[in-house]
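# Coordinate analysis (summary)
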Amino acid sequence: MITVRQVREVKLSAWQNTYYPELWRGMFITSKHFFQNFGRFIGRAVGLKVKRPLVTFQYPEERRPIAPRWRGRHRLMLRPDGAPRCVACMMCETACPDKCIYITAGEALDGRIEKYPVAFEIDLLRCCFCGLCVEACPEDAIRMDSGYIDLGGYSRAEFYLDRDYLLKDSALTTHSQFRGELDGVVVTRVDLLAQAKHH
Amino acid sequence: MPLLEIDGKPVETPAGMNLIEAARLLNVEIPHYCYHAGLTVVGSCRMCQVEVEISGRKSIAIACNTKAADGMKITTRSEVVHKLRQSVLEFYLQHHPLDCPICDDAGECDLQNYYMEHGLHDSRMPLAEKKHKHKVMDVGPNIVLDSERCVLCTRCVRFCREITGTGELGVFGHGRDAELLNVPGKILDNDYAGNVVDVCPVGALTDKDFRFKRRVWYMKRTASICTGCSRGCNIFVDWETDRRYKDPQRRIQRLKPRYNRLVNEWWMCDQGRYGYHSVDEANRLLSPKTKSQSNGHALSVDEVITKIAARVESAIEKQGPGSVAVIASASSSNEDLFLLNRLFIDKLKVQNIDVTFGFEAKGKEDELLKKSDLAPNRRGALELQVKPWGGEGQGGDDLIAAAIEGEFEVVIVVRHDLSTAMSEKDFAKLRRNTGYIAYLSSHENGLTEVADDVVPIAMWAEREATYTNFQGRVQKTARPFDPAGLAIPEWEVWKKFGEIAGVELNFSDVRDVFNAIGMHFESFKGINWESVGSGGRMLNGTPEPTYKRIQTSTPLTAY
Ligand code: SF4
Ligand code: SF4
Ligand code: SF4
Ligand code: SF4
Ligand code: FES
């Protein structure tokens, strides 16, 4: 069902149309927050119990610690013999509220488990990171990474993850090539957990 | 007629009915594995046990092999019954592999369903001690067996022995080693083999054609009929169109037989079962074609029909109706043939029209379902007076012969691929001698290549229609999804043709057309779309066939 909602254009008042008063009002709001935050830093420095001031992280050199319960981009797990754990049962696909997992099942004729994913695709741009796919999987084949929030890319296609991409990341690595160039360092999950605890 | 009480509700049953069927009358489902209404009762699975009270004495009985009797009081839900079912289930699941993630039956499996309803016990069987049996084993060209999943209900064994009489399957070994296997030296390759997958209450037998294609819960189900031969078995079309997969060329996932006591009972043949592939074949004709000028823009179906109508009209004007021939098809529906009749025979006075030709493929006929006449609507064509040309017998062949000799200026062909119906020489001659060939086709073939104008038409799963089977039963197909490409149902072609030729055929939909047939043909009088119903309806003046169990009378092969 498509519902159509009409969005009315906002009419500016004559006062707003004179431009300068609004400009100054904006400046006032920005400055208010700046001085408020500044005040909190000073307050904390002298030992007052004021609200925690907001800080700026110098991303990407400096990273914000991630809570241990954070779950981000998916990965597919392997069996000890190197075969994907996934048996293309489509439980995750069924559970997914955003319908962003697309699996095609195939028959394995090599004597291993008879069903395997010929294609396994996740459209991350539709995903809401609810984790229901992980919950639904009877094989513990799909997990979500706990380390990274920075899913960056230059095109939509980069967010359309295919089976081999999902499988190769059984260890924690970065999302895109671009991201790899930026930091050069692979942060392990242990580091992140430690950071998070420390914080 | 015995009057008994099931879970406190009174019910009157026909004499000799068993308790599973009696409970069904009240919409009460008694769990069962080995019982199948179409097969003999063996009473081996013990899943159907219920409490039976006769004149104050209570006992436990299997519902499948207990006939309903006057004054019985049946309890299908009680502490005792629940415990019984749970124990039976625990027994069946003792060595069960619990393959549900890779089992095609998951979602329609009676082990799953009954476990959720009556089991919910914890397994006491250590995983390492589970008995292993054959997995992924071909028992026939289309059927795969996983004997670990089998509950040894012997429904499939009985199907092969009682219905087809071929006896390919059997249970071998005993105790926990008992296993369903092929009878030595036999493979399950009879013409009805696909039915064993339907009768199997679990996922032990799976269909290669469907294996791993879709999960059952994704599919939608539409009641329809098979158009594979003139029996018109009642079926369910299981289809799925709206998820993004790698193979959009498979809108129909599988066909399943639908019970109709007087047509096909619970069964269907493999030819029909796997015949659906033609609906999404790569060579489906998706858009109209023309040999004449198309002004450079994309051609619409209407334009092509206009061209055909104009050509037919001018031929009739110049040379009379005798210059036009229609090679019609008994695979067209009642509505198609009715409009064809109205338009050509009634209004345009074209007499060169036929539906029966010697080149039409003949199928195998047997005692169960298969009819050798593969056209689903020959009876309908005859009822609707789309008569053999020039009298009895091979009239159609004379029509074709006349066409090859160039007796007609315009030839309209419906469905038949004439390029494979005759020798190459004759086909070339036909093309050379005929001024204009119009063709209605669902697939690309030799004739679509050379015809002057070609209109793509919808197939049976893409349109609603009625067909009259060999018994004289009018049955309906449904339209689960839209026609491929620009294809339209055949009757719409004739309707548009009529609009252009100035013939009143103003029907708004296919039901209108069908309802109008009764006004012109005695045998359809009073039959309307609604009254056809899901099980079909006999033509006026044609008696219901007497009910005879569908079963082969060929004796069992000894083994
Ligand atoms: S996290 Fe949620 S939305 Fe994303 S793929 Fe999994 S189930 Fe779908
Ligand atoms: S639920 Fe798990 S095993 Fe099933 S398809 Fe999804 S990832 Fe594969
Ligand atoms: S037969 Fe298949 S779906 Fe049914 S319980 Fe066994 S593995 Fe699961
Ligand atoms: S294969 Fe299926 S139908 Fe045949 S005995 Fe086993 S469970 Fe019953
Ligand atoms: S159904 Fe009654 S014993 Fe199997």
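Residues numbered from 1 in each chain as written. Chains lettered and ligands numbered in written order. Predicted model: local features only at pLDDT ≥ 70, side-chain atom pairs only at ≥ 80, totals over all residues. Heavy atoms only, no water.

### Quick look at the site of ligand 4
Where we set the bar: Here, proximity means that at least one heavy atom of the residue falls within 4 Å of the molecule or strand. Residue type decides the class: Asp, Glu, Lys and Arg count as charged, Ala, Val, Leu, Ile, Met, Phe, Trp, Tyr, Cys and Pro as nonpolar, and the leftover types, Gly among them, as polar.
Around ligand 4 sit 13 residues in total, of which Cys150, Cys153, Thr154, Cys156 and Cys200 of chain B are the nearest. For the shell around ligand 4, a count of residues per class yields eleven nonpolar, one polar and one charged.

### Brief notes about the pairing of strand β18 (residues 436-441) of chain B
Residues and elements named next belong to chain B. So the rule is basically this: Remark: exposure states derive from per-residue accessible area (1.4 Å probe, protein chains only) relative to the maximum for the residue type, with buried under 20%, exposed over 50%, and partly exposed in between. Numbering goes from the N terminus for both helices and strands, where a helix is a DSSP run of H or I of at least four residues and a strand is a run of E of at least two. We call two strands paired when DSSP finds no fewer than two bridges between them.
Among the six residues that make up β18, six are buried, leaving the element largely enclosed by the rest of the structure. Side chains of β18 alternate between two faces, with Tyr436, Ala438 and Leu440 and Ile437, Tyr439 and Ser441 buried alike. Pairing geometry for strand β17 (residues 410-414) and β18, over five bridges, is parallel. Bridging across to β18, Val411 finds its partner in Ile437. Inspection of the sheet shows β18 paired to strand β19 (residues 453-456) by four bridges, in the parallel sense. In the strand pairing of β19, Leu440 is matched with Val455.

### Focus: the interface of chain A and chain B
Selection rule: Here, two residues are considered to be in contact whenever any of their heavy atoms come within 4.5 Å of each other. Accessible area, probed at 1.4 Å, shrinks when two parts are joined; the buried area is that loss added up over both. Counted as salt bridges are all cases of a side-chain nitrogen of Lys or Arg within 4 Å of a carboxyl oxygen of Asp or Glu. Contacts described as polar in this section are N or O atom pairs within 3.5 Å, which, within protein, must combine one atom able to donate a hydrogen with one able to accept it, while residues neighboring in sequence count only if both atoms come from side chains.
In this complex, chain A contributes 23 residues to the contact, which on the side of chain B involves 15 residues. Of all residues in chain A, the largest losses of buried area upon contact with chain B belong to Glu107, Glu114 and Lys115 of chain A, amounting jointly to 33% of the total for that side. Here chain A is connected to chain B by three salt bridges. Between Glu107 of chain A and Arg211 of chain B there is a salt bridge; the shortest N-O distance is 3.0 Å. Taken together, the connections running from chain A to chain B amount to six residue pairs in polar contact (both at pLDDT 80 or more). Of all the secondary structure elements, the ones that give two or more residues to the side of chain A that touches chain B are α3 (91-95), β2 (101-107) and β3 (115-123) of chain A. For the side of chain A that touches chain B, the element with the highest residue contribution is β2 of chain A, accounting for seven residues. Taken together, the residues of the side of chain A that touches chain B break down into twelve nonpolar, three polar and eight charged.

### A look at the packing of aromatic side chains
All names here are of chain B. Just so we agree on the cut-off: Pairing of aromatic side chains requires ring centres within 6.5 Å, counting the rings of Phe and Tyr and the six-membered ring of Trp. Pairs whose planes differ by under 30 degrees are stacked, by over 60 edge-to-face, and all others tilted. Charges are assigned to positions over rings by a cutoff of 6 Å between ring centre and Lys NZ or Arg CZ, combined with an angular limit of 35 degrees from the ring normal.
Summed over the entire model, instances satisfying the criterion amount to 19 aromatic pairs over all chains. Taken together through their ring pairs, the aromatic side chains of Tyr33, Phe91, Tyr92 and Tyr114 make up a single cluster. The side chain of Arg254 reaches across the aromatic face of Phe210, ending 4.8 Å from its centre. Arg258 extends its terminal NZ or CZ atom over the ring of Phe236, reaching a point 5.9 Å from the ring centre.

### Remarks on the sheet that holds strand β5 (residues 73-75) of chain B
All names here are of chain B. In plain terms, the rule: All axes are obtained by fitting lines to C-alpha atoms, using only the stretch in contact for helices, and the reported angles, taken between N-to-C directions, cover 0 to 180 degrees.
Strand order in the open sheet made by the five strands is β2-β1-β5-β3-β4, with mixed pairing throughout. Two strands bound the open sheet, and with one partner strand each, they are β2 (9-12) and β4 (57-62). Pairwise comparison of adjacent strand axes, ignoring direction, gives a mean angle of 30 degrees for this sheet. Where strand β1 (residues 3-6) and β2 come together, four bridges link them in antiparallel fashion. Among the inter-strand pairings, Leu3 is bridged to a residue of β2, identified as Glu12. Sheet strands touched by helix α2 (residues 79-93): β3 (49-54), β4 and β5. Its angle to β3, the strand with the most contacts, is close to 145 degrees.

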